[in-house]
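Architecture at a glance
Each chain, written out:
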Amino acid sequence: MALTGIEIYKQLPKTNCKDCGFPTCLAFAMKMATKQVSLDKCPHVTEAAKAALESASRPPIQLVVIGTGEAEIKIGNETQLYRHEEKFHRPTAVAIRVSDTLDESALAARAEAIGKLAFERVGVKIGVNFVAVDNASGDAGRFQQAAKVAAAKSGLACVLMSSKADNLQKAAAAISGQRPLLYISDPAQAEAAARVAKDENCPLAIRGDGLESLAELTGKINARGVEQIVLDPGTRRLKDTLEAMTKIRRLSLKNFRPLGYPLIAFTTAADPTMQAVEASIYVAKYAGVVVTDASEKWQLLPVLTTRQDIYTDPQKPVAVEPKLYAVGEVGPKSPLLVTTNFSLSYYSVEGEVESSRVPAYILSVDTEGTSVLTAWASDKFNAETITKAMKKAEVETKVAHRTLVIPGFVAVLSAGIEDESGWSVQIGPKEASGLPGYLKKQWKA
Ligand code: SF4
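Let me begin by describing the structure that accompanies this report.

What counts as what
- Residues numbered from 1 in each chain as written.
- Predicted model: local features only at pLDDT ≥ 70, side-chain atom pairs only at ≥ 80, totals over all residues.
- Heavy atoms only, no water.
- Helix = DSSP H or I, 4+ residues; strand = E, 2+ residues; numbered from the N terminus.
- Areas by Shrake-Rupley, 256 points an atom, 1.4 Å probe, with all protein chains shown as cover.
- Salt bridge = Lys/Arg side-chain N within 4 Å of Asp/Glu carboxyl O.
- Buried < 20%, exposed > 50% of the residue type's maximum accessible area, 1.4 Å probe, protein only.
- Contact = heavy atoms within 4.5 Å.
- Patch = residues over 30% accessible without salt bridge, like charges linked within 9 Å, V, L, I, M, F, W, Y side chains within 5 Å.
- Core = buried A, V, L, I, M, F, W, Y, C linked by side-chain atoms within 4.5 Å.
- Phe/Tyr/Trp six-rings, centres within 6.5 Å; stacked < 30°, edge-to-face > 60°.
- Lys NZ or Arg CZ within 6 Å of the ring centre and 35° of its normal.
- Pairing = 2+ DSSP bridges.
- Right-handed = clockwise from strand over helix to strand, strands pointing away.
- Axes fitted to C-alpha atoms, helices over the stretch in contact; angles between N-to-C directions.
- Parallel < 35°, antiparallel > 145°, perpendicular 65-115°, else oblique.
- Left-handed = near helix turned anticlockwise from the far one by under 90°.

1. Brief notes about the overall build of the chain
Each helix and strand in the chain was counted, giving 16 helices and 17 strands. Entry remark: accessible area of the chain is about 20,700 Å², with carbon and sulfur atoms responsible for 51%.

Here it is, written out as structure tokens:
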């Protein structure tokens, strides 16, 4: 838990000397509690106080870095149990499993396909992060070769998974410098795997048989000089894993250091739909990495969408720039549609216009990122704001027909817009999904 201003104040000199730029030590402490100023701005703090404050202000969940360069992903460093309390910071990394029992060409093809699993949603590219190489063969040579091929063909960072520390060592050495996450599934091999992680400068994921055994293991791993640890509570049933991960998150946020590490979860369902459901649940609660066999686009899109939704800032709606957008080869006869600058609203309209193949202008009005009905209810999407946006975008220089299409849900605005702007208004469909039919069959200037 973050320190309160009063807790910080107790450690300060309390002389109110103002050398930090604040009028009092208490004012400085309050700013520090909200992370607006750092401790080094006070030149008079004692070494003992510094040590106490630094250790207490360490993030309750260790930051773990996996991969390098463009493939690098950071997990952990979370500070909240509930997203609405602030936000979740580091999106869950999604890893697709490949087995080293595949022959080399099949493995290469699968790794290549995994590397391409990406989508664009509300203007943001979302995709898979890791390829997880499973040493299912138990053979060191096969594992080593599979790691090499998977890393090269996917272009992603790797999770290397084995029950044997020696095999992990060989596979890690084969992709040395790429900082894979090493996962050791046998708790008895965890300390040996820690030596490998230390030698190869890699983070280490360990499996425990319950929370107590995990807490004990992290102490032993730390003692071997490995700080970057990821925890697998060892459960495999959805209910048990969810329960264990929630307990670990709660304990770590209470500064229980032995469990203050990000988590790894594995989907185990045989049913493809349930694999996607399981992965989505672990994304929500509270995995840093989810390893899954789900590799079809229809399975991954809901998982990645869940991740995108959960890791946005709940206090900042995802918005697009409010302006006039042209979709397709527009001309003076093209329809002019209006919507808000809420990302989901804008991209829903844009997607349907694209699929209609009728080139059109879309005017996105600044409603502080709120949707059509919310903005209308809060008076941010009204005749005045729409007319103002039309003028700012100089729509009269783009189209010759002086007709605006408004969403069907706010048909009530039509008369006001006509009065305010002098343009005629057509009522479009209520839902964006109705746009292709409307543009092809009903629209006329
Ligand atoms: Fe207090 Fe340190 Fe600021 Fe002086 S510099 S007012 S001692 S916090």
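2. Considerations on the pattern of salt bridges
Inspection of every chain in the model, using the stated rule, returns 14 salt bridges. Between Glu 216 and Lys 220 there is a salt bridge, with its nearest N and O atoms 3.8 Å apart. Pair noted here: Glu 216 and Lys 220 are both in helix α8 (residues 211–223), with a separation of four residues, about one helical turn. Judged by relative accessible area, which is 52%, Glu 216 ranks as exposed. Lys 220 gets classed as partly exposed once you look at its relative accessible area, which sits at 35%. The network of salt bridges with shared partners includes Arg 237, Lys 239, Asp 240, Glu 243 and Lys 247.

3. Here's the deal with the side chain of Thr 370
With respect to the element layout, Thr 370 can be found in the loop between β15 (360–365) and α13 (372–377). Apart from the residues lying within four places of it in its own chain, the contact partners of Thr 370 are Thr 340, Asn 341, Phe 342, Ala 375 and Lys 380.

4. What about a nonpolar patch on the surface?
Taken together, Leu 373, Trp 376, Phe 409 and Val 412 make up a surface patch of nonpolar side chains, about 370 Å² in accessible area. By the secondary structure assignment, Trp 376 is in helix α13. Residue classification places Trp 376 among the partly exposed residues on the basis of a relative accessible area of 36%.

5. With respect to the nonpolar core
Counting residues in each nonpolar core, the largest one holds 66 residues, and the members touching the most others are Leu 160, Leu 182, Leu 204, Ile 206 and Leu 231. For this core, the element with the highest residue contribution is helix α5 (residues 140–154), accounting for six residues. When near neighbours in sequence (up to four residues on either side) are disregarded, Leu 182 contacts Leu 160, Leu 168, Ala 172, Val 196, Ala 197, Cys 202, Pro 203, Leu 204 and Ala 205. One finds Leu 404, Val 410, Leu 413 and Trp 423 within the second-largest nonpolar core, a separate group that totals 23 residues.

6. Considering the packing of aromatic side chains
Inspection of the entire model under this criterion finds six aromatic pairs. Measuring from centroid to centroid gives 5.9 Å for Phe 22 and Phe 28, while their planes differ by 65 degrees, and the two rings are edge-to-face. Here Phe 28 falls in the buried class, since its relative accessible area comes to 2%. The ring of Tyr 9 carries Lys 14 above its face, with NZ or CZ at 5.6 Å from the centroid.

7. Notes on the side chain of Thr 367
Within the fold, Thr 367 resides in the loop between β15 and α13. Ignoring any residue separated from it by four or fewer positions in sequence, one finds Thr 367 in contact with Thr 340, Asn 341, Ala 375, Lys 380 and Phe 381.

8. Here's the deal with the pairing of strand β16 (residues 403–406)
On β16, burial covers both faces: Thr 403 and Val 405 on one face and Leu 404 and Ile 406 on the other are all buried. Bridging between β16 and strand β17 (residues 424–427) involves four bridges; their strand directions are parallel. For Val 405, the partnering residue across the bridge sits in β17 and is Gln 426. Remark: the β16/helix α15 (residues 414–421)/β17 crossover connection has right-handed handedness.

9. Some details on the packing of helix α6 (residues 165–174) against helix α7 (residues 190–200)
Put simply, α6 and α7 touch, their axes get as near as 8 Å, and they point 15 degrees apart. Comparing their axes, α7 and α6 come out roughly parallel. The crossing of α6 and α7 is right-handed. Of α7, the residues touching α6 (which contributes Ala 165, Leu 168, Gln 169, Ala 172 and Ala 173) are Ala 192, Ala 193, Val 196 and Glu 200.

10. Overview of the sheet that holds strand β11 (residues 264–266)
In a beta sheet, neighbouring strands are held together by backbone hydrogen bonds and run either parallel or antiparallel to one another. The sheet built from eight strands is open, its strands ordered β10-β9-β8-β7-β6-β3-β12-β11 with parallel pairing. The open sheet has two free edges, formed respectively by β10 (229–232) and β11, since each of these has just one partner strand. Between one strand axis and the next, the sheet turns through 25 degrees on average, direction left out of account. Looking at chain direction, strand β7 (residues 157–162) and strand β8 (residues 181–184) are connected through four bridges and run parallel. Bridge pairing in β8 links Ser 162 to Ile 184. Relative to the sheet, α5 contacts β6 (130–134) and β7, its axis offset from that of β6 by approximately 165 degrees.

11. Let's talk about the environment of Ser 343
By secondary structure assignment, the location of Ser 343 is in helix α12 (residues 343–356). Ignoring anything within four residues of it in the chain, the contact list for Ser 343 reads Val 122, Val 318, Ala 319 and Val 320.

12. Digging into unusual backbone geometry
Put simply, Lys 285 and Tyr 286 share a cis peptide bond, and its omega is -15 degrees. Mapping Tyr 286 onto the fold places it in the loop between α10 (272–284) and β12 (289–292). Located in the positive-phi region is Lys 18, a residue other than glycine, with phi close to 75 degrees. Position of Lys 18 among the secondary structure elements: in the loop between α1 (5–11) and α2 (25–33). Here Asp 379, not a glycine, exhibits a phi torsion of approximately 60 degrees, which is positive. Within the secondary structure, Asp 379 is located in the loop between α13 and α14 (383–392). For Asp 379, a relative accessible area of 53% corresponds to the exposed category.

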